[in-house]
Amino acid sequence: MEITSATVALQTADGTMPALLARPTDAGKFPGILVVQEAFGLNAHIKEVAARIAQQGNVVLAPDLYYREKSPVVGYDNLPEAIRLMSGLWDDKVVQDMGVAISYLQQQPSVHRDRIGVTGFCMGGRVTFLTACMNPAVKAAVPFYGGGIGSVMQPGERTPKAPLEYAAQLTAPLLLFFGGDDAFIPPEEVEKIRQRLAELGKSAEIVVYPGAPHGFFCNERDSYRAEASADAWERMGKFFMQHLNG
């Protein structure tokens, strides 16, 4: 499917948040899907993912959550700086930013406003889960290896609670991906998420890829695992098709 892409400006309470908007050139209405960045920023990989999802027949928005820091993009070889930027985010402000992004998508003439999905990677996986808990406009969510979903290492003003603590508010079905050899997300964390969602009776499927490390989906990282990435991509496409296309 042919698509077109452009950078758009979203107005938030704290300023202008840039975002990549990718949409099919065909006429008609489509589901709207948010793609949330890794800790490394709104980089070429995330933009490529947004374009690929748009080619499947969706209007896709990838917001730049680092706009308060002048929208930096950090190389994959500079993890300390990525962690610094990620640690500077406030959960309540991120929820507000994601709300602005969702509203923007819903206002697009080519979007079915009641068919909004979210996916994200690494930091974006956590944001995806949190957004699904806090915004009932989300109808389907796919977090990829979201660290800190089940626990917060250092609770404080920025991250007062783990997103899992808000899971009772979930109304959207979830498809969660993790790597079996993820050094940042231990198996106990994944099991904690699984058990809590089951206790709450939420619609959630957790897929763990044996031998896959953190970041297995990103083909620009040494952690890339082609087989796991391809399988997750296929599963995500079917999941969004099921829940956003009816």
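Note: the structure precedes this text.
First, a word on what this report is: a plain description of the structure on this page. (Residues numbered from 1 in each chain as written. Predicted model: local features only at pLDDT ≥ 70, side-chain atom pairs only at ≥ 80, totals over all residues. Heavy atoms only, no water.)

So, the layout of surface pockets
(1) Moving on: Its boundaries defined by the atoms lining it, the largest pocket holds a volume of some 1,100 Å³.
(2) Moving on: The wall of the largest pocket is formed by 36 residues, among which I83, M86, S87, G147 and M153 lie closest to the centre.
(3) Moving on: Elements with a minimum of two residues in the lining of the largest pocket: α2 (79-87), α3 (91-106) and α4 (123-134).
(4) Moving on: The greatest single-element share of the lining of the largest pocket, amounting to five residues, is contributed by α2.
(5) Moving on: The residue inventory of the lining of the largest pocket, partitioned by class, reads 20 nonpolar, eight polar and eight charged. (1 Å grid on protein atoms, 1.4 Å probe; cavity = no way out; pocket = protein on both sides within 12 Å on 5 of 7 lines; lining within 4 Å. Points joined across faces, edges and corners; volume = space filled by probe spheres on them. Helix = DSSP H or I, 4+ residues; strand = E, 2+ residues; numbered from the N terminus. Nonpolar A, V, L, I, M, F, W, Y, C, P; charged D, E, K, R; others polar.)

A word on the side chain of R126
(1) Moving on: Relative to the elements of secondary structure, R126 occurs in helix α4.
(2) Moving on: According to the relative accessible area criterion, R126 is buried, its value standing at 13%. (Buried < 20%, exposed > 50% of the residue type's maximum accessible area, 1.4 Å probe, protein only.)

Quick notes on the pattern of salt bridges
(1) Moving on: The tally for this structure, following the rule as stated, stands at 11 salt bridges.
(2) Moving on: With a closest N to O distance of 2.9 Å, D14 and R68 form a salt bridge. Taken as a pair, D14 in the loop between β1 (3-12) and β2 (15-24) and R68 in the loop between β4 (59-63) and α2 lie far apart in primary sequence, 54 residues in all.
(3) Moving on: R68 sits in the partly exposed class, given a relative accessible area of 31%. (Salt bridge = Lys/Arg side-chain N within 4 Å of Asp/Glu carboxyl O.)

Note that every value here comes from positions in space, so none of it alone points to a role or purpose.
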